[in-house]
Amino acid sequence: MAQRPAGAPLPAPPRLPCGGRRPGAPRVIARHDSLPHRRTPAHPLRVGLIGFGKTGGSLVRLADQRDDIDVTWVVRRTAGAAGPGEADHPPVFSTSNTCARWLFANHPVDAVIDFSSPTGLEFYGDAAAAAGASIVNAVSAVERDAHTRFRRWSSRTRVLWSPNITLGINVMMLLAQTLRAVDPCADIEIVEEHFRGKRETSGTALRLADSLGVAAEAVKSVRAGGIVGTHEVIFGSDHQTVRLRHESISREAFADGALFAARQLQGRPNGLYRMEDLLVPYVDAVRYPGALTA
Ligand SMILES: NC(=O)c1ccc[n+]([C@@H]2O[C@H](COP(=O)([O-])OP(=O)(O)OC[C@H]3O[C@@H](n4cnc5c(N)ncnc54)[C@H](OP(=O)(O)O)[C@@H]3O)[C@@H](O)[C@H]2O)c1
């Protein structure tokens, strides 16, 4: 990473969203475009999807609008069933009558995305690792022994597990940790809001708390009506308050994050990855625009 020598001028301000520029600022759009997922890929990324429920269905819909993603097949438990209201969808296989090794050999994919259940990985894990397909496991609550399997598979392919795979929440986690490092004395409050029927404390809020050294019992939960999901971290110091707030609008946010992860893992060395690992280069690119110059 490029270091700024003491006394050197600050780097140019980062690019504004949607291509806007501050007056007089240099164009950095070409550099931004050189970030991995912005490049126009030579071939669509071939994705095998495990789980064709609410979230898997939204991934198929989202991928359908993108030229750089091809959902090659879908696997679910039920035999003979299609997707949740999908009229036009990729071939759907069932774990009850499909051999995973046959599937990977005859319908190769670059990545597997798992939006099924804790048992889903038993079907595809060994076969995906043997085929060298990236594994993006987005099942929120995996069994304890899943991590042993992830480690084992990571010697043969790229493996990522993320219990909350939205880009927004993961960027927020990075920013929250940065703020805490900058101002370790600030008071930190974490508030999560969800629909009336959600009984347990949000797992995402608990992860945020853990990463910031806040006790789990200190997380404030609000339950009201149909709120999809809101997380807020409040940093309070004597002279200023900083609020980081993320609101989920639709399930497409999960699908978008999973597709981002699959695209980002492509071409990387085998190993275990977290969403943070894939996002840090973007944070660095903003702070050090020159770092991305070819
Ligand atoms: N990481 C994140 O940010 C995030 C976000 C949203 C959801 N999730 C997770 O994604 C998963 C799916 O959520 P959802 O709301 O879409 O659930 P859902 O609507 O109930 O759909 C689950 C789908 O997975 C399939 N399935 C379940 N067990 C399977 C197995 N062992 N092998 C193959 N397919 C299996 C089901 O097939 P059948 O219908 O044929 O039984 C169904 O198509 C959950 O684990 C949830 O925690 C994670």
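Treat the numbers as computed from the prediction; the structure is a model and nothing was measured. (Residues numbered from 1 in each chain as written. Predicted model: local features only at pLDDT ≥ 70, side-chain atom pairs only at ≥ 80, totals over all residues. Heavy atoms only, no water.)

J.: Is there a simple way to explain the overall build of the protein in this structure?
T.: For the protein, the count of helices and strands is 9 helices and 11 strands. For the protein, with 294 residues in total, the buried portion stands at 41%. Counted over contacts in the protein with a minimum sequence separation of 6, partners at least 24 positions apart contribute 65%. Of the accessible surface of the protein, which amounts to about 15700 Å², a share of 52% is contributed by carbon and sulfur atoms. (Helix = DSSP H or I, 4+ residues; strand = E, 2+ residues; numbered from the N terminus. Buried < 20%, exposed > 50% of the residue type's maximum accessible area, 1.4 Å probe, protein only. Contact = heavy atoms within 4.5 Å. Areas by Shrake-Rupley, 256 points an atom, 1.4 Å probe, with all protein chains shown as cover.)

J.: I'm lost on the site of the ligand in this one. Help?
T.: In the vicinity of the ligand, 24 residues are found, and the nearest of them are Thr 55, Arg 76, Thr 78, Ser 117 and Ala 138. In this structure, an oxygen atom belonging to the ligand sits 2.9 Å away from a main-chain N or O atom of Phe 52. Thr 55 places a main-chain nitrogen or oxygen 2.8 Å from an oxygen atom of the ligand. Contact with the protein chains covers 81% of the free accessible surface of the ligand, which is 920 Å². Mapping the ligand onto the cavity grids shows that it belongs to the largest pocket. Class assignment for the residues of the shell around the ligand results in 8 nonpolar, 12 polar and 4 charged. (Near = heavy atom within 4 Å. Polar contact = N/O pair within 3.5 Å; in protein donor to acceptor, adjacent residues only side chain to side chain. 1 Å grid on protein atoms, 1.4 Å probe; cavity = no way out; pocket = protein on both sides within 12 Å on 5 of 7 lines; lining within 4 Å. Sits in = over half its atoms within 2 Å of the grid points. Nonpolar A, V, L, I, M, F, W, Y, C, P; charged D, E, K, R; others polar.)

J.: Could you clarify how one ought to interpret the layout of surface pockets in this entry?
T.: Computed from the structure, the largest pocket encloses a volume of approximately 1300 Å³. Around the largest pocket, the lining comprises 46 residues; the ones closest to its centre are Thr 55, Phe 115, Ala 138, Ser 140 and Arg 251. Counting residues per element, the ones that place at least two in the lining of the largest pocket are helix H2 (54-64), strand S2 (69-76), helix H4 (121-131) and helix H7 (203-212). Partitioning the lining of the largest pocket into residue classes produces 15 nonpolar, 23 polar and 8 charged. When we break the lining of the largest pocket down by domain, the ones giving at least three residues each are domain 1 (45-165 + 252-283) and domain 2 (167-247). (Points joined across faces, edges and corners; volume = space filled by probe spheres on them. Domains from an automatic or database assignment.)

J.: Any chance you could explain the environment of Leu 179 here in plain terms?
T.: Here Leu 179 shows up in helix H6 (residues 167-182). Its relative accessible area of 23% is what places Leu 179 among the partly exposed residues. The residues touching Leu 179, leaving out its near neighbours within four places in the chain, are Phe 235, Val 242 and Leu 244.

J.: Where do I start with the pattern of salt bridges in this structure?
T.: Oppositely charged side chains can form a pair if their charged atoms are brought close together. Overall, the coordinates contain 14 salt bridges when judged by the stated rule. For Asp 256, the salt bridge identified is with Arg 66, shortest N-O distance 3.8 Å. You can see Asp 256 sitting in helix H8 (residues 252-265) and its partner Arg 66 sitting in the loop between H2 and S2, a full 190 residues away along the chain. For the salt bridge of Asp 68 with Arg 263, the shortest nitrogen-to-oxygen distance reads 3.7 Å. One end of the pair, Asp 68, is in the loop between H2 and S2; the other, Arg 263, is in helix H8, with 195 residues separating them in the sequence. Each of Arg 66, Asp 68, Asp 256 and Arg 263 takes part in one network of salt bridges that share partners. (Salt bridge = Lys/Arg side-chain N within 4 Å of Asp/Glu carboxyl O.)

J.: Just checking my understanding: could you explain the packing of aromatic side chains for this structure?
T.: Describing an aromatic ring pair means giving the distance of the ring centres and the angle of the ring planes. Using the criterion set out here, one finds 4 aromatic pairs in the structure. Between Phe 260 and Tyr 282, the aromatic rings sit 5.8 Å apart at their centres with planes inclined by 55°, giving tilted as the arrangement. Separated by 22 residues along the polypeptide, Phe 260 in helix H8 and Tyr 282 in helix H9 (residues 275-287) bring together distant segments of the chain. Judged on exposure class, the residue Phe 260 and its partner Tyr 282 are both buried. (Phe/Tyr/Trp six-rings, centres within 6.5 Å; stacked < 30°, edge-to-face > 60°.)

J.: Help me understand the sheet that holds strand S4 (residues 111-114), please; the structure alone is not making it clear to me.
T.: Strand pairing in a sheet relies on backbone hydrogen bonds. The paired strands run either parallel or antiparallel. The parallel open sheet is built from 7 strands, whose spatial order is S3-S2-S1-S4-S5-S6-S11. Every other strand in the sheet has two partners, leaving strand S3 (92-94) and strand S11 (271-273) as the edge strands with one partner each. For this sheet the average axis-to-axis angle between neighbouring strands, irrespective of direction, equals 20°. Bridge count for S4 against strand S5 (residues 134-137) is 4 bridges, and the pairing is parallel. Looking at the pairing, Asp 114 lines up with Asn 137 of S5. In the packing of H4 onto the sheet, contacts are made with strand S1 (45-50), S2, S4 and S5, and the angle to S5 comes to roughly 155°. (Pairing = 2+ DSSP bridges. Axes fitted to C-alpha atoms, helices over the stretch in contact; angles between N-to-C directions.)

Honestly, that's just the spatial picture; any functional story needs more than this.
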